[in-house]
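Architecture and fold: a report
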Amino acid sequence: MLAGLAWRNIWRQPQRTVLSLMSISLSGAITVFVLSMQLGTYAIMKQNVLRLLDGYAQLQPLHYASDPGLRKTIAHPRKVMAQLRSIPGVTAAAPRASSYVILASGSRSYGAEVLGVEPAREIHVSSLSGTMIEGRFLNSHDTNAAVVGAGLARNLKLKLGSKLTLLGSARDGSIAADVLVVRGVFSTGSPQVDRQIIEIPLSRFQSDFVMGERVNTIALVGRNLSTINANIPALQRLAHKDRLVVRDWTKLEPALHDVILLDMSFSVLLYASLIIVVTFIILNTLLMSILERTREFGTLLALGMRPAQIGSMIWFELLLLAGAGMLIGVILGSAATYIFVKHGIAFGGAEALFRQWHMPSTLYPELSLMTALAGPLAISLAISIAGIIPYLRIRRLTPLSAMRST
Amino acid sequence: MDPIVACQNITRHYRQGIIDVPAVQGVDLNIMKGEFASLAGPSGSGKTTLLNIIGGLDRPSGGTVAIDGEEISQLGANKLADLRLRKIGFVFQAYNLIPVLSAAENVQFVLQLMGISKSERRRRAQDVLSQVGLSGLEDRRPARLSGGQQQRVAVARALASRPAIVLADEPTANLDSHAAEGLISLMKDLNRSSGITFLMATHDPRVIAHTSRHIVITDGRIASDEKRHNSPE
């Protein structure tokens, strides 16, 4: 009967209850949408940045990240690649070698990072092949072919078919030199990548830099980032056997990771403020309702109800209100978010800003159980915890003082 | 026979600033089973205070109170609540029904607090509502009942737990004369037919005229205690 009584008590003042429900459900719905939008944006940022070159994780030699060099290599990449097939979640892997070189064409020369890649594998790991604006990406028949970033092509005045001289230090300390032919120009939208990167066939790289079979890194991807993240421990066990390390996305793109963390920290403050404001609104409403009903509580106490039972009844009223508000909030928020999951939100005019993070100007929220429940649940939980205040207030009531209250 | 209510040397003082106001001073009072008693006196005489002390709603400053043989002056809040629930029925001047519950649910509410099964609750609620003449109005909420009907529901609620005594504080004060007469007859009938003990704090001469014992309290002391054997029908 306590539950039934609590439910009826809630509806004594329907207007007030509807307003309270709206406060809880609308704030809940807002958190569903904003959190989904936020996580959706992060996912797009991570996806686009990581898929361009890094992959979702990389296997690297020990200390390679802090001091990259041709002497730090994966000696038997074929064996490691074969072992990677046993790791669940890994859908593609691409071996790479890289070095910093001087590129020259005509009278111009620029520093660049040359990447040796296996085209057939690379296209499954990196989206760079999809950003060609001239010519084509490398293929497995290429020998002396190269694809260069648009910025680099502009600086060196390169066109399709242009010859390009590469000069660097080979692994054994000798001079690495080669003449390559430009077969394609890519434009990723990232000025840094477009100005600095040149890709050539891995076999050519290994020959130019006296690498033998060796590579520097193996980049890998999965169905999505979270499947790879979930399998980092398995990758670490595999890497450990070959004295390699696994670098997850947070280490491959620390700047992106920091930006997301910073944004998340500010958002948590905003969410907390919203939750506190809503909690105080509901608490205020509840305290008003308690004040109005103090005489009645006196009667209940006189009839033999214990103060704790009345306190529990009030808490139950709050739980019902918070629960109903949460449910409506989840439904409203999820429905609104779902519309944008399907159609996206276009930010016309902000293309340049978004391009910095390899993002499209249309963003899609990411609706999941977590994004649908976290905000409304936090609001309901905060309101339920705040219910301790009226509960304690009621516990102090005595029948006479309550019945005499006006 | 042991009394249902046994008060010995009850005192009750209130503090008003630095002044100590005596509301009840050295009252000895026994109410026996089956009595139909009124407690009268001018405003501020201490009758309501005494009724509250007997009902376990207030604590005496001194003396002892026993209800149905159980000393209550030193009981904790929860034990006192249990005692009120099981041994005392209250009828208030302003009815004090729970507005969101129907007549039957108001009656059943107390029974549920006692842990009585649903079927038994329903049966008892129907019985007492029929006893107070409210058959057919069980599903009405208080707002849809007249003052007299609401006070009858309050009486039914007080009776449902089969208490040792029903304490009524000015039960007819908010009723018109017709409803008041009906309520007095009802309580008198219940007293006669079921032997339920009533103690009523009242000014109402109509109530006083029907009681078999009339206690007058003045300045916190019992001024007279008159037992009558031929109260009007």
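Residues numbered from 1 in each chain as written. Chains lettered and ligands numbered in written order. Predicted model: local features only at pLDDT ≥ 70, side-chain atom pairs only at ≥ 80, totals over all residues. Heavy atoms only, no water.

Structural notes on the overall build of chain A
In plain terms, the rule: Each helix corresponds to a stretch of at least 4 residues labelled H or I by DSSP, and each strand to a stretch of at least 2 residues labelled E; elements are numbered beginning at the N terminus. C-alpha atoms define the radius of gyration in this analysis, and the globule rule sets the expected value at 2.2 Å times the number of residues to the power 0.38. Any two residues whose heavy atoms approach within 4.5 Å at even a single point are treated as in contact. Charged residues are defined narrowly, with Lys and Arg counted positive, Asp and Glu counted negative, and His plus the chain ends left uncounted. Each charge is placed at NZ for Lys, CZ for Arg, CG for Asp and CD for Glu.
Helix and strand content of chain A: 17 helices and 12 strands. In terms of overall size, chain A is more extended than a compact globule, its C-alpha atoms giving a radius of gyration of 31 Å where 406 residues would be expected to give roughly 22 Å. If one aligns the C-alpha atoms of chain A with their principal axes, the spans along those axes are about 100 × 50 × 30 Å. Taking all contacts inside chain A whose residues are at least 6 apart in sequence as the whole, residues at least 24 apart take part in 78%. For chain A, the distance from the average position of its 38 positive side-chain charges to the average position of its 23 negative side-chain charges is 8 Å.

Regarding the overall build of chain B
For clarity, the threshold we go by: Using a 1.4 Å probe on the protein chains alone, a residue whose accessible area is under 20% of its type maximum counts as buried, one over 50% counts as exposed, and one in between counts as partly exposed.
Helices and strands together make up the secondary structure of chain B, namely seven helices and 10 strands. The C-alpha atoms of chain B give 17 Å as radius of gyration, which agrees with the globular expectation for 233 residues (17 Å, within 12%). Its C-alpha atoms give chain B principal-axis dimensions of roughly 50 × 40 × 40 Å. The buried share of chain B, taken over its 233 residues, is 56%.

A short note on the interface of chain A and chain B
One frequent convention defines the size of an interface as the accessible area lost when the parts assemble. Rule in force here: Note on definitions: buried area is the accessible-area loss of two parts on being combined, 1.4 Å probe, summed for both. We count a salt bridge whenever a side-chain nitrogen from Lys or Arg sits within 4 Å of a carboxyl oxygen from Asp or Glu. In protein, a polar contact requires one atom able to donate a hydrogen and another able to accept it; more generally it is a pair of N or O atoms within 3.5 Å, and residues adjacent in sequence count only if both atoms are side-chain atoms.
The interface is formed by 21 residues belonging to chain A together with 26 residues belonging to chain B. Between chain A and chain B lies a buried interface of about 2,100 Å² when both sides are counted; carbon and sulfur atoms form 63% of it. One can count two salt bridges joining chain A with chain B. Across the chain A-chain B interface, the total number found is six residue pairs in polar contact (both at pLDDT 80 or more). Listing elements by their share of the side of chain A that touches chain B, those giving two or more residues are helix H1 (2-10), helix H12 (294-303), helix H13 (307-343) and helix H17 (399-404) of chain A. Considering each element in turn, the side of chain A that touches chain B owes the most residues, seven residues, to H12(A).

Quick look at the domain arrangement of chain A
Inclusion rule: As used throughout, domain bounds are those supplied by an automatic or database domain assignment.
You can read the domains of chain A as domain 1 (2-49 + 256-403) and domain 2 (63-242). Here the C-alpha centroids of domain 1 of chain A and domain 2 of chain A sit 49 Å apart.

Comments concerning the side chain of Thr197(B)
All names here are of chain B. With respect to the element layout, Thr197 can be found in the loop between helix H6 (177-194) and strand E8 (198-201). Reaching out from Thr197, the side chain makes a polar contact with the backbone nitrogen of Gly34 at a distance of 2.8 Å. In this structure, Thr197 is in contact with Ile4, Ile31, Met32, Lys33, Gly34, Glu35, Ala164, Ile165 and Val166, ignoring residues within four places of it in sequence.

A look at the packing of H13(A) against helix H16 (residues 388-395) of chain A
All names here are of chain A. Using the following cut-off: An axis is simply a line fitted to the C-alpha atoms; with a helix, the fit covers only the stretch in contact. Between two such axes, the angle follows the N-to-C directions and lies from 0 to 180 degrees. Relative orientations are named as follows: roughly parallel for angles under 35 degrees, roughly antiparallel for angles over 145 degrees, roughly perpendicular for angles from 65 to 115 degrees, and oblique for any other angle. A crossing counts as left-handed when the near helix is turned anticlockwise from the far one by less than a right angle, and as right-handed when that turn is clockwise. Each residue is assigned to one of three groups, with Ala, Val, Leu, Ile, Met, Phe, Trp, Tyr, Cys and Pro labelled nonpolar, Asp, Glu, Lys and Arg labelled charged, and all others, Gly among them, labelled polar.
It is at 8 Å that the axes of H13 and H16 come closest, and there the two elements cross at 155 degrees. One element, H13, and the other, H16, form an angle in the roughly antiparallel class. Pair H13 / H16 crosses with right-handed handedness. Two secondary-structure elements touch here, H13 through Pro307, Ala308, Ile310, Gly311, Ser312, Ile314 and Trp315 and H16 through Ile388, Pro390, Tyr391, Ile394 and Arg395. The residue makeup of the contact of H13 with H16, split by class, is nine nonpolar, two polar and one charged.

Overview of the pairing of strand E7 (residues 165-169) of chain B
All names here are of chain B. So the rule is basically this: Note: two strands are recorded as paired if DSSP finds a minimum of 2 bridges between them.
Extensive coverage of E7 is indicated by the burial of five of its five residues. Neither face of E7 is left uncovered, since the one carrying Ile165, Leu167 and Asp169 and the one carrying Val166 and Ala168 both have all their residues buried. Examined bridge by bridge, strand E6 (residues 88-91) and E7 share four bridges and lie parallel to one another. The residue bridging Phe90 from the neighbouring strand is Leu167, located in E7. Bridge analysis of E7 against E8 gives four bridges, and the strand direction is parallel. What sits directly across from Asp169, in E8, is Ala201.

Quick look at the packing of helix H5 (residues 147-160) of chain B against H6(B)
All names here are of chain B. Interhelical geometry of H5 versus H6 gives an angle of 20 degrees and a closest axis separation of 9 Å. Accordingly, the angle class assigned to the pair H5 and H6 is roughly parallel. In the crossing of H5 with H6, the sense of the turn from one axis to the other is right-handed. Along the contact surface, H5 presents Gly148, Gln151, Arg152, Val155 and Leu159, while H6 presents Ala179, Gly182, Leu183, Leu186, Met187 and Leu190. Looking at the contact of H5 with H6 residue by residue, the class counts come to seven nonpolar, three polar and one charged.

Quick word on a nonpolar patch on the surface
Residue and element names in this part refer to chain A. For the record, the criterion: Each patch groups residues whose relative accessible area exceeds 30% and which form no salt bridge, using 9 Å between like charges and 5 Å between nonpolar side chains of Val, Leu, Ile, Met, Phe, Trp and Tyr. Residue-level accessible areas treat just the shown protein chains as cover; the underlying method is Shrake-Rupley with a 1.4 Å probe.
A grouping of Trp7, Trp11, Val18, Leu19, Met22, Leu26, Ile328 and Leu332 is seen on the molecular surface, where their side chains present a nonpolar patch of about 720 Å² in accessible area. If you list the elements that add at least two residues to the nonpolar patch, you get helix H2 (14-54) and H13. Here the nonpolar patch takes four residues from H2, the largest share from any one element. Note that Ile328 resides in helix H13.

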